[in-house]
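These are the residues of each chain, in order.
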Amino acid sequence: MKLLDGIKLAKKTKKNIRQKVANYVTEGKRAPHLAAVLVGEDPASNAYVKMKIKDCEEVGFKSTLIKKDADISEKELLEIVHELNENKELDGYIVQLPLPKHINEDKILQAIDPQKDVDGFHPTNVGKMALGLETFLPATPFGVMRLLEDYDIATSGKKCVVLGRSNIVGRPMSILMSQPGKHANSTVTICHSGTKNLEEFTQEADIIISAIGKPHFLTSEMVKEGVIIIDVGINRVYDESKKDYKLVGDVDFENIKSKADYITPVPGGVGPMTRAMLLENTLLAYKRFAQ
Ligand code: GUN
């Protein structure tokens, strides 16, 4: 078993970005600028956005946090989105999800200028991704692809099972893994809540990418020897022995690890890569528009 170390690769990626930013600034250019819109007090969203802002500082990006109360109206949030679209000093921005129930998430995401949509959630960017055109890839699937590439994992012609069909992870993941290319080109199956006899799919899989948000869902009996496991789940569970909460993935890591050729830990696998890829996308937005 070999660990796919997302912390190490994210560090290397960030070092690379920091160097590029330092060069731009030495040449007299402004630094890349990322903004994040955070609505409400969801603890996980608060923590994620805080980390994204910290990442910006680490690589020399300018960052702006726009924090709004949960009772902000859809109209007010749309106005903020329009202002960010018009802001010439801003390369890219994200609206952290989920949004409060009274706000139509699709409407907000579709109002974001696709050129500034560093999350890659706008239909224009999703369409470009599906067609294999250059665009902002959603950060989590992008991070998984980078991990597979960096560890030179053989994916071509392999059976890849994606668990979950969310717009943020499962669906884009399935598209990227099925695209041509040395570190993709897999035969992909998406499994979801409507899938019958799930084990029949997972037991046959060479690669399993799990993004369903259920702690320890994927167990040792469900996978074959030599499988490659990518665990996107980040689940907060109470640890009786430590009398505190801890983060666990969708995968029963302790029992599966001996069976797996490669496996991502949680924490320290996909999570750090997601954050690093948001920085990559912001740098891409900057290169396109600020030069
Ligand atoms: N909520 C969970 N993951 C993400 C993400 O990658 N981007 C945004 N904007 N919200 C999220």
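Below, the structure is looked at part by part.

Reading the values: the criteria
Residues numbered from 1 in each chain as written. Predicted model: local features only at pLDDT ≥ 70, side-chain atom pairs only at ≥ 80, totals over all residues. Heavy atoms only, no water. Axes fitted to C-alpha atoms, helices over the stretch in contact; angles between N-to-C directions. Helix = DSSP H or I, 4+ residues; strand = E, 2+ residues; numbered from the N terminus. Parallel < 35°, antiparallel > 145°, perpendicular 65-115°, else oblique. Contact = heavy atoms within 4.5 Å. Nonpolar A, V, L, I, M, F, W, Y, C, P; charged D, E, K, R; others polar. Disulfide = S-S within 2.5 Å. Buried < 20%, exposed > 50% of the residue type's maximum accessible area, 1.4 Å probe, protein only. Phe/Tyr/Trp six-rings, centres within 6.5 Å; stacked < 30°, edge-to-face > 60°. Lys NZ or Arg CZ within 6 Å of the ring centre and 35° of its normal. Polar contact = N/O pair within 3.5 Å; in protein donor to acceptor, adjacent residues only side chain to side chain. Near = heavy atom within 4 Å. Pairing = 2+ DSSP bridges.

Here's the deal with the packing of helix α1 (residues 6-26) against helix α2 (residues 43-59)
Line of reasoning, step 1. At a minimum axis distance of 8 Å, the contact between α1 and α2 shows a crossing angle of 55°. Considering the angle they form, α1 stands oblique to α2. On α2, the residues touching K14, I17, R18 and V21 of α1 are D55, E58 and V59.
Line of reasoning, step 2. Its residues assigned to classes, the contact of α1 with α2 comprises 3 nonpolar, no polar and 4 charged.

A closer look at the state of the cysteines
Line of reasoning, step 1. Summed over all chains, the structure comprises 0 disulfides.
Line of reasoning, step 2. We note that C191 lacks a disulfide partner, and the nearest cysteine sulfur, in C160, lies 10.0 Å from it.
Line of reasoning, step 3. Owing to a relative accessible area of 2%, C191 belongs among the buried residues under this scheme.

Focus on the packing of aromatic side chains
Line of reasoning, step 1. Overall, the coordinates contain 3 aromatic pairs when judged by the stated rule.
Line of reasoning, step 2. Aromatic pair Y238 and Y245: ring centres 5.3 Å apart, planes at 75°, arrangement edge-to-face.
Line of reasoning, step 3. What makes Y238 partly exposed here is its relative accessible area of 42%.
Line of reasoning, step 4. Judged by relative accessible area, which is 44%, Y245 ranks as partly exposed.
Line of reasoning, step 5. Taking the ring centre of Y245 as reference, the NZ or CZ of R236 above it sits at 4.1 Å.

With respect to the side chain of T13
Line of reasoning, step 1. As for its position among the elements, T13 is in helix α1.
Line of reasoning, step 2. At a separation of 2.7 Å, a polar atom in the side chain of T13 contacts the main-chain carbonyl oxygen of L9.
Line of reasoning, step 3. Those residues within four positions of T13 in sequence are excluded, and the remaining contacts are R146, A276, M277 and E280.

A word on the site of the ligand
Line of reasoning, step 1. In the vicinity of the ligand, the residues found are K52, V95, Q96, L97, D119 and F121.
Line of reasoning, step 2. The contact in question runs from a nitrogen atom of the ligand to an N or O atom on the side chain of Q96, over 3.3 Å.
Line of reasoning, step 3. L97 places a main-chain nitrogen or oxygen 2.9 Å from a nitrogen atom of the ligand.
Line of reasoning, step 4. Residues of the shell around the ligand, tallied by class, amount to 3 nonpolar, 1 polar and 2 charged.

Considerations on the pairing of strand β7 (residues 207-210)
Line of reasoning, step 1. Of the two faces of β7, both are covered, the one formed by I207 and I209 as well as the one formed by I208 and S210.
Line of reasoning, step 2. Alignment of β7 against strand β8 (residues 227-231), held across 4 bridges, turns out to be parallel. The residue bridging S210 from the neighbouring strand is D231, located in β8.

Considerations on the sheet that holds strand β4 (residues 92-95)
Line of reasoning, step 1. Across the sheet, which stays open at both edges, the 3 strands sit in the order β3-β2-β4 with parallel pairing between neighbours. Each edge of the open sheet is held by one strand with a lone partner, namely β3 (62-68) and β4. On average, each strand axis in the sheet is tilted by 15° relative to the strand beside it, whichever way the strands run.
Line of reasoning, step 2. Examined bridge by bridge, strand β2 (residues 33-39) and β4 share 4 bridges and lie parallel to one another.

A look at the sheet that holds β7
Line of reasoning, step 1. The strand order across the open sheet formed by 6 strands is β1-β11-β8-β7-β5-β6, and the pairing between neighbours is parallel. With one partner strand each, in any of the chains shown, β1 (2-3) and β6 (187-191) form the two edges of the open sheet.
Line of reasoning, step 2. Pairing of β1 with strand β11 (residues 260-263) involves 2 bridges; the strand directions are parallel. Within β11, the position partnered with K2 by the bridge is Y262.

Keep in mind these numbers describe shape, not what the thing actually does.
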